[in-house]
Amino acid sequence: AAAAAAAAAAAVCTSMPRGRRPGHAGRGGRGRGNDEEGRFEPKAPKQERDHDDLNETKFGKRQEKIKELGLGGFGKEIRFLEDDPLDGLLTGMSGIWSDDDDDTKGGPSRAAGPVGKGEKAGGWLGLGAASKVDMVADFRSIPRAEGDGSGAGPSSSRFPMPEGVELLGAEAALEEQEDGSQALLVPEGSFLKLQLQASPWVLAEDGRLHEYSLVLAMRLEALPPAPLPLFHGGAPPPQGERVESVQLFKNGGVGALSDMGTQEAAAHAERWNWIVVTRKPGELLTYVDGRLCASVKLEAPKKDKEEAKKAEEEAQGGGEDKAAGPKPQLQEKFVIDPQFLALFAVEDAAAGREGPLAPGLCVKYLRLTSKVWTEEEVREELHKVRSADEEEEVRSAAKTSAAEQLSLQPLYARPPPVWLHPAFGAEFCDPFIAQSPLEESSLHVSLEVLALALDAMLHESGPGQQLSHAARSALNTAAAQLKDARKLAHKLAHARKGGGQERSFFSAVAKAFDELQPSGVLLLPWDGEVPLLLVVRRGALPDADRCSVAVVNPSRAGTTSYHVADGRAPPKIKYGTALEIGDVPLSRLADEAWWVVFWFGVTVPAAEAAAGRLKRGPLAVLYEVLLPYLAGDSLDRAIAKWEATARRRGLAPLPARTLRRSDSGHYGCCRHALRYLLVRQGVSEEECRRASLLLRLQMFSLARHDLQFVQRLDQAERTVLQLARRQLAHKAAKLGGGAGGGGAGRAARAG
């Protein structure tokens, strides 16, 4: 990372155009295709060209209205495969496992799909088949009904759903694809039910399947506006009950337990995404188009000592109430109930949500096997079942991705070069931009620029690939959480202008809390006396009714009075810019009085308090009223209690940071919040420093990109770029020297 940063810093001087006339004429573009891309390369997101003006960024474009779906016929074939060397020796036992009502005999043959060595039309054959599960549903080769040339699809009565698979909540219909194949439509509010013919030999003691690989080929017209549950292992939960599910997140990531995976393996709208989920004890992995997306660690459920003692007494016959029967076992996460596995089961499909959660959802291939595939086996199995035209689509999508505009084009209709944006100045020139236009911006704009830089950094060709997979996954999750904060920051900015927008802001906040899942994270913007972010981290089950709250404030106002100071490296004094309290009941955050005081603290001018007309200013309201109320104690005692609790739970201590020297807290709180999110996801301090350097390298790369489309630079612009080059080299040298990489540090200084 240090060497790459040094090389980039050294190269910028040779690419700077000469001259003093400002402007950025002569813009153009160049493609960035790569013939060496992988077979299952995901398509880069399309850049929208309908932009806002320079005073307001583009955000929240609505998707087109979903076209009405016509009813059509449906049907598919299901095969239970076996691949066991004993099949040839034990064919005499096939009657034990055969299906007398097999409806696949004489049916249409499958055009494509995996076939086991011992596959036969009868279904279950031999002893080997009883020791595993392998179910395939291939919708692509379903033939349309005879005489169906009028455009009306066949009826459900003519094509009944095969045994073990049902579409509940809607009439099943097939949609013809461009290549003539078929796909099953899953309308909003409906879901798929799978019922497996699994022998007890393949199930665990709780009667569920703990080890498996699930393949799902699905397409959406647009990514979901909220996390779309793929499955949690059983039937849909009762009304009002929330369960932890494997999900497709808003940014295209596929994961669970708030782990959204990496960006290079994200799913995309308006194309087929081949999703694979594998589970074994202690680990759940997700893949998109053959690429590893998320690696989720699973902890076995634990009983407390009192419950374990009671269970032991009951097992010895000493229980008081034997008639009550045995207590249910603590269930592991994402284990499959063979009697009822629900796919795409959404609770309250339209409640408080703008638009459908799964617009235009189609499924054309489904497979569930009790074998846990490795990453190489995942690629091999997908290669068997994916058609050649789909592979060509993925390759061509990777080749045609290009950056033909200035770096900030996704945010502005007529963007300036990135080095003229306040976020760039705050990243590289914080000590030098005081009292200049480069420190004037707002929180929601800084969030958008940082999100743009993180997306480019985490791209498959970006510098973020130098990080470990765990760090990239954590960084992608944090980037998605910062993107969610943009919405609330935009609404807060509009609400502060008046015009009746206050209700819109508080409605968005209430909706965000309703959708906050166990172990989820919510960032609340505060734009009062100084901009800052409140980070709410909800507890995991069974502690989902409590949360922790962190105040991220890198500005001198408020931090020096309320945050912990660290003077161990004189003359520099650092501060804990993330002030965290824990074990806060969620019900206190839902108190309307708390939000009334919150709004008071955001909107009251600090000058009123400075003039003595108010007892407390906005920041004092936050630190002396709101936070103590949440903690149920004084702020100092609440901080001390949580630090002790965090140490017992094995949470890493929060590092002290240098405060902002200019009035650029709008960007500083975003950067410090990013570091806080990474630390709380278990990323080491050394890896956080590398990620910070690579993010700065990405910002510098945006400037190098924009230099290609600017003919002239004035002296002020050249000064900003020179400062950025020096700051990048300085950070690379510090990291290289701290890690023992003296060569990297010398290369950075030479650059």
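In the block above lies the structure referred to throughout.
Starting from 1, residues in each chain are numbered consecutively following that chain's sequence as written. Residue-level local features of this predicted model are given only where pLDDT is at least 70; pairs of side-chain atoms are given and counted only at 80 or more, and the full residue set underlies all totals for whole chains, interfaces and linings. Values reported for side chains reflect all heavy atoms of the structure, with hydrogen atoms and water molecules removed beforehand.

1. Some points on the overall build of the protein
Next, step 1: Looking only at helices and strands, one finds 20 helices and 23 strands in the protein.
Next, step 2: Burial statistics for the protein: of 751 residues in total, 50% are counted as buried.
Next, step 3: Residue contacts follow a heavy-atom distance rule, with two residues in contact if any of their heavy atoms lie within 4.5 Å. Contacts in the protein between residues far apart in sequence, at least 24 positions, make up 75% of those at least 6 positions apart.
Next, step 4: With an accessible surface of roughly 34,600 Å², the protein has 49% of that area assigned to carbon and sulfur atoms. Strands here mean DSSP runs of E at least two residues long; helices mean DSSP runs of H or I at least four residues long; both are numbered from the N terminus. Burial classes: relative accessible area under 20% of the type maximum marks a residue as buried, over 50% as exposed, and values in between as partly exposed (1.4 Å probe, protein chains only). Exposure was quantified through the Shrake-Rupley algorithm and a 1.4 Å probe, taking into account, for residues, occlusion by the shown protein chains and nothing else.

2. Examining helix H16 (residues 635-648)
Because an α-helix packs 3.6 residues into every turn, residues spaced three or four apart end up facing the same way.
Next, step 1: With 14 residues, H16 should cover 20 Å at 1.5 Å per step; its first-to-last C-alpha distance of 20 Å lies within 8% of that length.
Next, step 2: Contact partners of the buried residues in H16: strand S20 (546-552), helix H11 (556-562), strand S23 (578-585) and helix H15 (618-631).
Next, step 3: One or two steps after H16, the chain reaches Gly650, where phi turns positive at roughly 80 degrees. In a helix, the anticipated span is given by 1.5 Å times the number of residues less one.

3. Here we look at the sheet that holds strand S4 (residues 165-168)
Next, step 1: Strand pairing follows a simple DSSP-based rule, namely that at least 2 bridges must link the two strands. Pairing in this open sheet of three strands is antiparallel, and the strands run S4-S7-S15 from one edge to the other. On the outer flanks of this sheet lie S4 and strand S15 (341-343), each paired with one strand and no other. Direction aside, the axes of adjacent strands within the sheet are offset by 25 degrees on average.
Next, step 2: With four bridges joining them, S4 and strand S7 (residues 191-194) adopt antiparallel strand pairing. Paired with Leu167 across the bridge in S7 is Leu192. Angles shown run from 0 to 180 degrees and are taken between the N-to-C directions of axes, each axis being a line fitted to C-alpha atoms and, for helices, limited to the stretch in contact.

4. A word on the packing of helix H8 (residues 443-458) against helix H17 (residues 665-680)
Next, step 1: Contact pair H8 / H17: the axes reach a minimum separation of 8 Å and the direction vectors enclose 45 degrees. Put simply, H8 runs oblique to H17. Handedness of the H8/H17 crossing: right-handed. Across the interface between the two elements, Leu443, Ser446, Leu447, Leu450 and Leu454 of H8 pack against His666, Tyr667, Cys669, Cys670, Arg671 and Leu674 of H17.
Next, step 2: Broken down by class, the residue content of the contact of H8 with H17 amounts to eight nonpolar, two polar and one charged. Relative orientations are named as follows: roughly parallel for angles under 35 degrees, roughly antiparallel for angles over 145 degrees, roughly perpendicular for angles from 65 to 115 degrees, and oblique for any other angle. In a left-handed crossing the near helix is turned counterclockwise from the far helix by less than a right angle, and in a right-handed crossing that turn is clockwise. Just so you know the grouping, Ala, Val, Leu, Ile, Met, Phe, Trp, Tyr, Cys and Pro go in nonpolar, Asp, Glu, Lys and Arg go in charged, and all remaining residues, Gly too, go in polar.

5. Some details on the packing of H8 against helix H18 (residues 685-707)
Next, step 1: Running from N to C, H8 and H18 point in directions that differ by 100 degrees, and their axes come no closer than 9 Å. Regarding the angle of H8 to H18, the classification is roughly perpendicular. For the pair formed by H8 and H18, the contact residues are Leu450, Ala453, Leu454, Ala456 and Met457 on the first element and Ala691, Leu694, Leu695, Gln698 and Met699 on the second.

6. Examining the nonpolar core
Next, step 1: Among the nonpolar cores identified, the biggest contains 67 residues, and Trp419, Phe424 and Leu454 are the most heavily contacted of them.
Next, step 2: Excluding residues that lie within four positions of it along the chain, Leu454 makes contacts with Leu475, Ala479, Leu482, Leu674 and Leu695.
Next, step 3: In terms of nonpolar packing, the next biggest core, distinct from the first, is built from 51 residues, Leu192, Tyr212, Leu298 and Ile336 among them. Within this scheme, the nonpolar core is defined by two criteria: the residues are buried Ala, Val, Leu, Ile, Met, Phe, Trp, Tyr or Cys, and they are joined through side-chain atoms within 4.5 Å.

7. Notes on a positive patch on the surface
Next, step 1: Like-charged residues within 9 Å of one another, or nonpolar side chains (Val, Leu, Ile, Met, Phe, Trp, Tyr) within 5 Å, are grouped into patches, provided each residue has over 30% relative accessible area and no salt bridge. We define a salt bridge as a side-chain nitrogen of Lys or Arg found within 4 Å of a carboxyl oxygen belonging to Asp or Glu. His is not counted, nor are the chain ends; Lys and Arg add positive charge and Asp and Glu add negative charge. Charge coordinates come from a single atom per side chain, which is NZ of Lys, CZ of Arg, CG of Asp or CD of Glu. A cluster of basic residues, Arg556, Lys572, Lys574, Arg661 and Lys734, forms a positive patch at the surface.
Next, step 2: The residue Lys572 is located in strand S22 (residues 572-575) in this model.
Next, step 3: Given a relative accessible area of 40%, Lys572 falls into the partly exposed group.

8. Quick notes on unusual backbone geometry
Generally, phi is negative for residues other than glycine and the peptide bonds are trans, each holding for most cases.
Next, step 1: The step from Leu541 to Pro542 runs through a cis peptide bond, and the omega angle for that step is 5 degrees.
Next, step 2: Structurally, Pro542 is set in the loop between strand S19 (531-538) and S20.
Next, step 3: Positive phi is not limited to glycine here, since Ser258 has a value of about 70 degrees.
Next, step 4: With respect to the element layout, Ser258 can be found in the loop between strand S11 (254-255) and strand S12 (273-280).
Next, step 5: Phi at Phe344 takes a positive value of approximately 65 degrees, unusual for a residue other than glycine.
Next, step 6: Position of Phe344 relative to the elements: it lies in the loop between S15 and strand S16 (362-369).
Next, step 7: Looking at Phe344, the relative accessible area reads 3%, which means it is buried.

9. Quick notes on empty space enclosed by the protein
Next, step 1: Cavities and pockets were defined on a 1 Å grid built from protein atoms only: a cavity is a group of points that admits a 1.4 Å probe but offers it no way out, a pocket is an open group of points flanked by protein on both sides within 12 Å along at least five of seven lines, and a lining residue is one with an atom within 4 Å of any such point. Grid points are joined across faces, edges and corners, and a volume is the space filled by probe spheres set on the points. The final tally for this structure, using the stated rule, is six cavities of 30 Å³ or more.
Next, step 2: Leu454, Met457, Leu475, Arg657, Arg671, Leu674, Arg675, Leu678, Cys688, Ala691, Ser692 and Leu695 together form the lining of the largest cavity.
Next, step 3: Of all the secondary structure elements, the ones that give two or more residues to the lining of the largest cavity are H8, H17 and H18.

10. What about the sheet that holds S11?
Next, step 1: Here three strands make up an open sheet; going across it, the order is S9-S10-S11 and the pairing antiparallel. Every other strand in the sheet has two partners, leaving strand S9 (228-231) and S11 as the edge strands with one partner each.
Next, step 2: Of the pairings in the sheet, the one linking S9 to strand S10 (residues 246-248) comprises three bridges and is antiparallel in character. In the strand pairing of S10, Leu228 is matched with Leu248.

11. Observations concerning the side chain of Glu244
Next, step 1: Structurally, the position occupied by Glu244 is in the loop between S9 and S10.
Next, step 2: Taking the relative accessible area as the measure of exposure, Glu244 reaches 14% and is therefore buried.
Next, step 3: The residues touching Glu244, leaving out its near neighbours within four places in the chain, are His232, Leu257, Lys333, Phe334, Pro518 and Leu541.

12. Focus: the environment of Pro554
Next, step 1: With respect to the element layout, Pro554 can be found in the loop between S20 and H11.
Next, step 2: C-alpha of Pro554 to C-alpha of Thr577: the two residues are 23 residues apart in sequence and 5.3 Å apart in space.
Next, step 3: Pro554 has contacts with Thr559, Thr577, Leu659, Arg660, Gly665, Gly668, Cys669 and His672, leaving out every residue within four places of it along the chain.

13. As for the environment of Phe231
Next, step 1: Looking at where Phe231 falls in the secondary structure, it is placed in strand S9.
Next, step 2: For the pair Phe231 and Val335, spaced 104 residues apart in sequence, the C-alpha to C-alpha distance is 10.0 Å.
Next, step 3: Once you skip the residues sitting within four places of it in the chain, Phe231 turns out to touch Tyr212, Leu214, Ser245, Val246, Val277, Leu341, Ala342 and Leu343.

14. Overview of the pattern of salt bridges
Next, step 1: For the structure on display, the rule yields 35 salt bridges.
Next, step 2: In this structure, the salt-bridge partner of Lys297 is Glu283, at a minimum N-O distance of 3.4 Å. Highlighted residues: Lys297 in strand S14 (residues 291-297) and Glu283 in strand S13 (residues 283-288), separated in sequence by 14 residues.
Next, step 3: Looking at Glu283, the relative accessible area reads 17%, which means it is buried.
Next, step 4: Via salt bridges that share partners, Asp134, Arg367, Glu381 and Lys384 belong to a single interconnected network.

15. Overview of the packing of aromatic side chains
Next, step 1: Stacked, tilted and edge-to-face are the three classes assigned to paired rings of Phe, Tyr and Trp, where Trp is represented by its six-membered ring and a pair needs centres within 6.5 Å; plane angles under 30 degrees give stacked, over 60 edge-to-face, the rest tilted. Summed over the entire model, instances satisfying the criterion amount to 15 aromatic pairs.
Next, step 2: Consider the rings of Tyr212 and Phe231, whose centres lie 6.3 Å apart with planes at 65 degrees: the pair is edge-to-face. Within this pair, whereas Tyr212 is found in strand S8 (residues 212-219), its partner Phe231 is found in strand S9, the two being separated by 19 residues in sequence. Residue Tyr212 shares its accessibility class with Phe231, and that shared class is buried.
Next, step 3: Judged by centre distance (5.0 Å) and plane angle (80 degrees), the ring pair of Trp594 and Trp595 falls under edge-to-face. Both residues of the pair, Trp594 and Trp595, count as buried.

16. Focus: the pairing of S14
Next, step 1: The pairing of S13 with S14 spans six bridges and is antiparallel. Opposite Val288, over in S14, you have Arg291 as the bridge partner.
Next, step 2: Between S13 and the antiparallel strand that follows it, S14, lie two residues; Asp289 among them carries a positive phi value of about 55 degrees.

17. Structural notes on H18
Next, step 1: The terminal C-alpha atoms of H18, which comprises 23 residues, lie 33 Å apart, in line with the 33 Å expected from a rise of 1.5 Å per residue.
Next, step 2: Here H18 lies mainly inside the structure; 17 of its 23 residues are buried.

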